[in-house]
Amino acid sequence: MGYIKDLGEIYLAKNYKRFPVAFVKGKGSRLYDEEGNEYLDFCAGIAVCALGHAHPEVSKAICEQAQKLIHVSNLYWTEPQAKLAQILCEHSFADRVFFANSGAEVVEAALKLARRYAWKNFGPEKHEIIALENSFHGRTFGALSATGQPVYWEGFKPLVPGFRHVPPNDIKALEEAISEKTCAIIFEPIIGEGGVIPLSDEFIKAARELADKYNALLIFDEIQTGIGRTGKLFAYEWTEVTPDVMCLAKGLAGGMPLGALLATEEVMAALEPGTHASTFGGNPVSCAAALVVLNKILEEGFLEEVVLKGKALRQKLLNLADNYGDLVAEVRGQGLMQAMELKVSATPVGEYLFYEKRILITVIKDKVLRFTPPLIIAYREIDALAEALDEALAKIASE
């Protein structure tokens, strides 16, 4: 390791446990460190780089927009932002979009929107929000309070009041938790940081019915599942349910910071001038990048290919699960958001892939290997991952 790590060790906050590598460039599904070593990326910046690294059309759009206009704030209109809002609404249930910079910011906006909508229409007593245990919605105080993992709460209490958590896929618990005080139900259609756990169609449908019954909003956190990750532009399209509000970020701008809150006309009307804002939200450069990302994903055949690649990846993982039944507990996920849960710690597998094979994945919940490659990943690269995983599991099995 060279000067990059040395500078970081001296000057950066120590809140990240980083791998000992400094990346200096990327291309497609590959990353290159300062010594020229090549890595195969099945992390994609935590499900962010949807079109891979340094996609030529994304890079071109960023450079061209930066030469014209970088920032003017939301006191004024800009073309990239308006066009991006149009394409998001035309390809979703939504009528209106609010832009921020990150997933956590968008979740904060969604929580504020839900409470203000309820306050305007039903009064201040209707303020409770139901979220799921094992969920993850971000690290700001509102998003942290919605997050259903106590490990993230340590040292930050008291949290924002008014949140209740129920087990995922537990319809009875949801029925018992909801009341006339409930203003919203929020969940990820596939719980990401909690272990890549898909919610059942029955649970999602019950949540929609209960939200309607109690005049509460249904919020889908699609920060990780959105923008083609599951093989549809948005994961809710796999269900028979339409949310009232949706949170997007991560893959939206292909690596540029951008988040979007989508909602119906009626609901978004609660955000009147002065109620919420973001100085950098919907930055012209980020929006220009997002326009390229969305247009590429919406090209004929692109999402169908994501479905096929997801099936190929899943089958490889299932084959390994059959071969290593003593080590593998379950394979789950959808599209190019897949996970393998082990019966032992997954850390040695992740480390073997990184140090021995130069393949990047994420290890979550100690025993879960998560795979969220760029959506343009090649089949031969899926094969390479499977071969490396086979070696890693064989090594553990022999110990």
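Refer to the structure presented above.
Our subject in this report is the structure included herewith. Since this is a predicted model, take the numbers as computed values, not measurements.

How each quantity is defined
- Residues numbered from 1 in each chain as written.
- Predicted model: local features only at pLDDT ≥ 70, side-chain atom pairs only at ≥ 80, totals over all residues.
- Heavy atoms only, no water.
- Helix = DSSP H or I, 4+ residues; strand = E, 2+ residues; numbered from the N terminus.
- Rg over C-alpha atoms; globule rule 2.2 N^0.38 Å.
- Areas by Shrake-Rupley, 256 points an atom, 1.4 Å probe, with all protein chains shown as cover.
- Lys, Arg positive; Asp, Glu negative; His and termini not counted.
- Charge placed at Lys NZ, Arg CZ, Asp CG, Glu CD.
- Phe/Tyr/Trp six-rings, centres within 6.5 Å; stacked < 30°, edge-to-face > 60°.
- Buried < 20%, exposed > 50% of the residue type's maximum accessible area, 1.4 Å probe, protein only.
- Lys NZ or Arg CZ within 6 Å of the ring centre and 35° of its normal.
- Pairing = 2+ DSSP bridges.
- Contact = heavy atoms within 4.5 Å.
- Polar contact = N/O pair within 3.5 Å; in protein donor to acceptor, adjacent residues only side chain to side chain.
- Disulfide = S-S within 2.5 Å.
- Core = buried A, V, L, I, M, F, W, Y, C linked by side-chain atoms within 4.5 Å.
- Expected span 1.5 Å × (residues − 1).
- Axes fitted to C-alpha atoms, helices over the stretch in contact; angles between N-to-C directions.
- Parallel < 35°, antiparallel > 145°, perpendicular 65-115°, else oblique.
- Left-handed = near helix turned anticlockwise from the far one by under 90°.
- Nonpolar A, V, L, I, M, F, W, Y, C, P; charged D, E, K, R; others polar.
- Salt bridge = Lys/Arg side-chain N within 4 Å of Asp/Glu carboxyl O.

A closer look at the overall build of the protein chain
When its secondary structure is counted, the protein chain shows 13 helices and 17 strands. In terms of C-alpha radius of gyration, the protein chain reaches 21 Å, essentially the compact-globule figure of 21 Å for 399 residues. Considered along the principal axes of its C-alpha atoms, the protein chain spans approximately 60 × 55 × 45 Å. Total accessible area computed for the protein chain in this model is approximately 18400 Å², and 52% of it derives from carbon and sulfur atoms. Each charge class in the protein chain can be summarised by its mean position, and for the 41 positive and 53 negative side chains these summaries are 3 Å apart.

Re the packing of aromatic side chains
The full count for this structure, using the stated rule, is nine aromatic pairs. With a centroid separation of 4.8 Å and 90° between ring planes, the pair formed by Phe354 and Tyr355 is classed as edge-to-face. Classification of Phe354 by relative accessible area gives buried; the value is 6%. An aromatic cluster is built from Phe19, Phe23, Tyr39, Phe354 and Tyr355, whose rings are joined through pairwise contacts. Seen from the ring of Tyr32, Lys25 lies directly overhead, with NZ or CZ sitting 5.4 Å from the centre. For the cation-ring pair, Arg358 lies above Tyr39, with the distance from its terminal atom to the ring centre recorded as 5.9 Å.

Concerning the sheet that holds strand 3 (residues 38-41)
Strand order across the open sheet formed by four strands is 1-2-3-15, with mixed pairing between neighbours. Looking at strand neighbours, the two that pair on one side only are strand 1 (23-27) and strand 15 (359-360), the edges of this open sheet. Strand direction decides the pairing type here: strand 1 and strand 2 (residues 30-33), joined by four bridges, are antiparallel. Its bridge partner being in strand 2, Gly26 is matched across the sheet by Leu31.

Observations regarding the environment of Glu57
In this fold, Glu57 is placed in helix 3 (residues 56-68). Not counting residues up to four positions away in its chain, the partners in contact with Glu57 are Val292 and Lys296. Of the polar contacts made by the side chain of Glu57, one reaches the side chain of Lys296; its length is 3.2 Å.

Focus: the state of the cysteines
For the structure on display, the rule yields zero disulfides. The cysteine Cys49 is free of any disulfide, with Cys43 supplying the nearest cysteine sulfur at 8.6 Å. Unpaired in this structure, Cys287 has its nearest cysteine sulfur neighbour in Cys89, at a distance of 13 Å. For Cys287, a relative accessible area of 0% corresponds to the buried category.

A word on the nonpolar core
Counting 84 residues, the largest nonpolar core has Phe42, Leu84, Leu88, Phe187, Ile297, Met340 and Phe371 as its most contacted members. Among the elements that make up this core, the one with the highest residue count is helix 10 (residues 284-297) (eight residues). Within the second largest apolar cluster, 31 residues are counted, among which are Val107, Ala109, Leu111 and Ile223.

Focus on helix 8 (residues 201-213)
The end-to-end C-alpha distance of helix 8 is 18 Å, a good match for the 18 Å that 13 residues give at a rise of 1.5 Å each. Those residues of helix 8 that are buried are in contact with strand 5 (128-132), helix 7 (171-177), strand 7 (182-187) and strand 10 (217-221). Immediately beyond the C-terminal end of helix 8, within one or two residues, lies Asn215, with a positive phi of roughly 55°.

Thoughts on the packing of helix 12 (residues 347-357) against helix 13 (residues 379-398)
Two elements in contact, helix 12 and helix 13, have axes separated by 9 Å at closest approach and are oriented at 120°. If you check the angle between helix 12 and helix 13, you find them oblique. Of the two elements, helix 12 crosses helix 13, and the hand of that crossing is right-handed. Here helix 12 contributes Pro348, Val349, Tyr352, Leu353 and Lys357 to the contact with helix 13, which in turn contributes Leu385, Ala388, Leu389, Glu391, Ala392, Leu393, Lys395 and Ile396. Each residue belonging to the contact of helix 12 with helix 13 can be placed in one class, and the counts come to 10 nonpolar, no polar and three charged.

With respect to the sheet that holds strand 10
Pairing is mixed across the open sheet formed by seven strands, whose spatial order is 4-12-11-10-7-5-6. Of all strands in the sheet, those bounded by a partner on one side alone are strand 4 (96-100) and strand 6 (163-166). Strand-to-strand twist across the sheet, computed as the mean angle between neighbouring axes with direction ignored, equals 20°. Pairing analysis gives four bridges linking strand 5 to strand 6, with the strands arranged parallel. Each bridged residue has a counterpart across the sheet, and for Ile130 the counterpart in strand 6 is Arg164. Strand contacts of helix 5 (residues 103-122): strand 4, strand 5, strand 6, strand 7, strand 10, strand 11 (245-248) and strand 12 (259-263), with the helix running at about 25° to strand 12, the strand carrying the most contacts.

Observations regarding the pattern of salt bridges
A complete count under the given rule lists 18 salt bridges for this structure. With a closest N to O distance of 3.2 Å, Arg30 and Glu381 form a salt bridge. Here Arg30 is found in strand 2, whereas its partner Glu381 is found in helix 13, with 351 residues between them in sequence. For Arg30, a relative accessible area of 22% translates into the label partly exposed. Here the salt bridges do not stand alone but share partners, grouping Lys5, Glu9 and Lys14 into one network.

A look at the side chain of Thr182
Within the element layout of this structure, Thr182 appears in strand 7. For Thr182, a relative accessible area of 0% gives the class buried. Not counting chain neighbours up to four residues away, the residues in contact with Thr182 comprise Lys126, Glu128, Ile130, Ala177, Tyr214 and Ala216.

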